[in-house]
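Observations on the model geometry
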Amino acid sequence: MSDPIRVCFVCLGNICRSPLAEGIFIHLAKERGLTDRFEVDSSGTGGWHAGNPADPRSIEVAKRHGVLLPSRARQFESSDTDRFDLFLAMDRDNRDTLIERGVPESKVRLMRSYDPEYGKDESILDVPDPYYDGLEGFDHVYDMLVTACNGLLDELAE
Ligand code: 4NP
């Protein structure tokens, strides 16, 4: 049995987008019978919400789809660089911050680069920050993350 692939989903606060991505990825990997192939975590480039559960709106949207979000927020730390094989940044700011903090570019990907529509226009690069939106913003992010997580699983499970 080969070593698990260690993936970390990263956003700004680690309460809205990346815990949702983490929960969706775990859920979809389980559906595909691939749970043992991965170690999964998430973090934020900022530390304001460290120790907090995911935003109630992320929890609500996930729950509607049978996805659980048990993770607690934590800030990215430099030791993560060696702990993970792949960092999935929710947006270009998060990606740039990870690289500034020493993560090799070869380990960092934009989450939406696993969406078949990626890069077709400017709006299909980032998972937008839904923090100041209503629930519909979180629904939109949920749909994007399901598409990207499926693309990521297709690639990693090859
Ligand atoms: P996230 O959303 O990066 O998707 O977790 C945010 C959560 C909190 C803040 C910003 C974005 N904040 O400024 O506190």
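Since this is a predicted model, take the numbers as computed values, not measurements.

Rules used throughout
- Numbering of residues starts from 1 in every chain and runs along the sequence as written.
- Only residues with pLDDT of at least 70 are given local features in this predicted model, and only at 80 or more are side-chain atom pairs given and counted; all residues enter the totals for whole chains, interfaces and linings.
- Think of the side-chain values as coming from all heavy atoms in the structure, minus any hydrogens and water.
- The working definition used for a salt bridge is a side-chain nitrogen of Lys or Arg within 4 Å of a carboxyl oxygen of Asp or Glu.
- Secondary structure elements follow DSSP: runs of H or I of four or more residues count as helices, runs of E of two or more count as strands, with numbering from the N terminus.
- Using a 1.4 Å probe on the protein chains alone, a residue whose accessible area is under 20% of its type maximum counts as buried, one over 50% counts as exposed, and one in between counts as partly exposed.
- A pair of aromatic rings is counted whenever rings of Phe, Tyr or Trp (Trp by its six-membered ring) have centres within 6.5 Å, and the orientation is called stacked for planes under 30 degrees apart, edge-to-face for over 60 and tilted otherwise.
- Throughout this document, a residue counts as near a molecule or strand when at least one of its heavy atoms sits within 4 Å of that molecule or strand.
- Here a polar contact is recorded for every N or O atom pair within 3.5 Å, except that within protein the pair must consist of a potential hydrogen donor and a potential acceptor, and residues adjacent in sequence are included only if both atoms are side-chain atoms.
- Using the Shrake-Rupley algorithm and a 1.4 Å probe, accessible areas are obtained, with residue cover drawn only from the displayed protein chains.

Following the criterion strictly, the structure yields 15 salt bridges and no others. Measuring nitrogen to oxygen at the nearest pair gives 3.5 Å for the salt bridge that ties Glu60 to Arg64. Here the residue Glu60 and the residue Arg64 both occupy positions in helix α2 (residues 56-64), the gap between them amounting to four residues, near one helical turn. With relative accessibility at 46%, the residue Arg64 sits in the partly exposed group. In this structure, Glu122 engages Arg92 in a salt bridge whose closest nitrogen and oxygen atoms are separated by 3.2 Å. Separated by 30 residues along the polypeptide, Glu122 in the loop between β4 (108-110) and α5 (135-156) and Arg92 in helix α4 (residues 92-100) bring together distant segments of the chain. Among the charged side chains, a salt-bridge network with shared partners connects Asp41, Arg74, Asp80 and Arg83.

On to the packing of aromatic side chains, then. Within the structure shown, the criterion is met by five aromatic pairs. Where Phe25 meets Phe38, the ring centres are 5.0 Å apart and the plane angle is 75 degrees; that geometry is what we call edge-to-face. With Phe25 in helix α1 (residues 17-31) and Phe38 in strand β2 (residues 38-44), this pair connects stretches of sequence that are 13 residues apart. What makes Phe38 buried here is its relative accessible area of 8%. In this structure an aromatic cluster arises from ring pairing among Phe9, Phe25 and Phe38.

Near the ligand the following residues occur: Cys11, Leu12, Gly13, Asn14, Ile15, Cys16, Arg17, His49, Asp129 and Tyr131. Between Asn14 and the ligand, the recorded distance is 3.2 Å, taken from a backbone N or O atom to an oxygen atom. Contact between the ligand and His49: an oxygen atom at 2.7 Å from a side-chain N or O atom of the residue. With the chains in place, 90% of the 350 Å² that the ligand exposes on its own is no longer accessible.

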